[in-house]
Amino acid sequence: GNRQRAALARQLEGEGVDLGLLVIVAAERPISDLERASEPDSVHDSSEWLNLLRNVEKTFGPLEPSDVRAGGSGDSTGEDYELRRPDGRQVRVLVAPSSDVGRRANTADSVDFVRERIPPQERRSVLLVTDAIYAPYQFFVSAPLLLHGGAEHVELVGAATIMGDNPASLAQRVAQEIHSGLSAAALLRP
């Protein structure tokens, strides 16, 4: 999924979408054996965020440390790196901490970490790139948090969902995400 999301972001940029500050957000979650089997290039990636970083680097070119110090206004745990693309544009890598000890960071945790670390003037217009299967849930969770946090425009696009070889597993994933999307939408208050 990280490979496809990075490729979609690059494709959009190639079609004229100004990505502005590219912020990649992930969690400190180990890569599973199933993920390694489905993407042999990930064999040396120990975590979700390192896999995402490798895919962004493969897609946009080698990233180098920036002279700009990363960090935001908050003091929560998590990691925050400032890098530079070959064209000189900045990339922020945020490894979001979880609000629930013992579990990986969820979508709300990730958005809260973005709000803490990226100043409001740099996130007035936000384009989220995810997998299509996660788009409804992530939009209903992310958009309200970002809009409440100063964004004026939030848009979400989804890369093609990897189908896999197991139709029953895909059906379960789709049903789970429909449930999650509806549950997130139901929590919105006028």
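This write-up is about the structure you can find in this document. (Residues numbered from 1 in each chain as written. Predicted model: local features only at pLDDT ≥ 70, side-chain atom pairs only at ≥ 80, totals over all residues. Heavy atoms only, no water.)

1. Regarding the sheet that holds strand β1 (residues 22-27)
Our working rule: Whether two strands pair comes down to DSSP finding at least two bridges between them. Strands here are runs of E lasting at least two residues and helices are runs of H or I lasting at least four, both read from the DSSP assignment and numbered beginning at the N terminus. Two residues qualify as a contact provided that any one of their heavy atoms is within 4.5 Å of a heavy atom in the partner residue. The axes used here are C-alpha line fits, helices contributing only the stretch in contact, and every angle between their N-to-C directions lies in the interval 0 to 180 degrees.
Pairing in this open sheet of 4 strands is mixed, and the strands run β1-β4-β3-β2 from one edge to the other. Sheet topology places β1 and β2 (64-65) at the edges, where each strand pairs with a single neighbour. Judged from the 2 bridges that link them, β2 and strand β3 (residues 79-84) form a sheet pairing that is antiparallel. Each residue of the ladder has a partner; that of Glu64, found in β3, is Arg84. Against the sheet, helix α4 (residues 107-117) contacts β1, β3 and β4 (90-96), and its axis sits at roughly 130 degrees relative to β4.

2. Details of the packing of aromatic side chains
Using the following cut-off: Each aromatic pair joins two rings of Phe, Tyr and Trp (for Trp, the six-membered one) with centres within 6.5 Å, and gets the label stacked for planes under 30 degrees apart, edge-to-face for over 60, and tilted for any other angle. When a residue's accessible area, from a 1.4 Å probe over protein chains only, is under 20% of the maximum for its type it is buried; when over 50% it is exposed; and in between it is partly exposed.
Under the definition given, this model contains 2 aromatic pairs. Between the aromatic rings of Trp49 and Tyr81, the centroid separation amounts to 5.4 Å while the plane-to-plane angle is 15 degrees, which identifies the pairing as stacked. Here the residue Trp49 occupies a position in helix α3 (residues 48-60), and Tyr81 occupies one in strand β3, the gap between them amounting to 32 residues. Assessed through its relative accessible area of 11%, Trp49 is described here as buried. Both rings, one in Phe139 and one in Phe140, keep their centres 6.0 Å apart while their planes meet at 70 degrees; by these two values the pair is edge-to-face.

Purely geometric stuff here, so don't read any function into it on its own.
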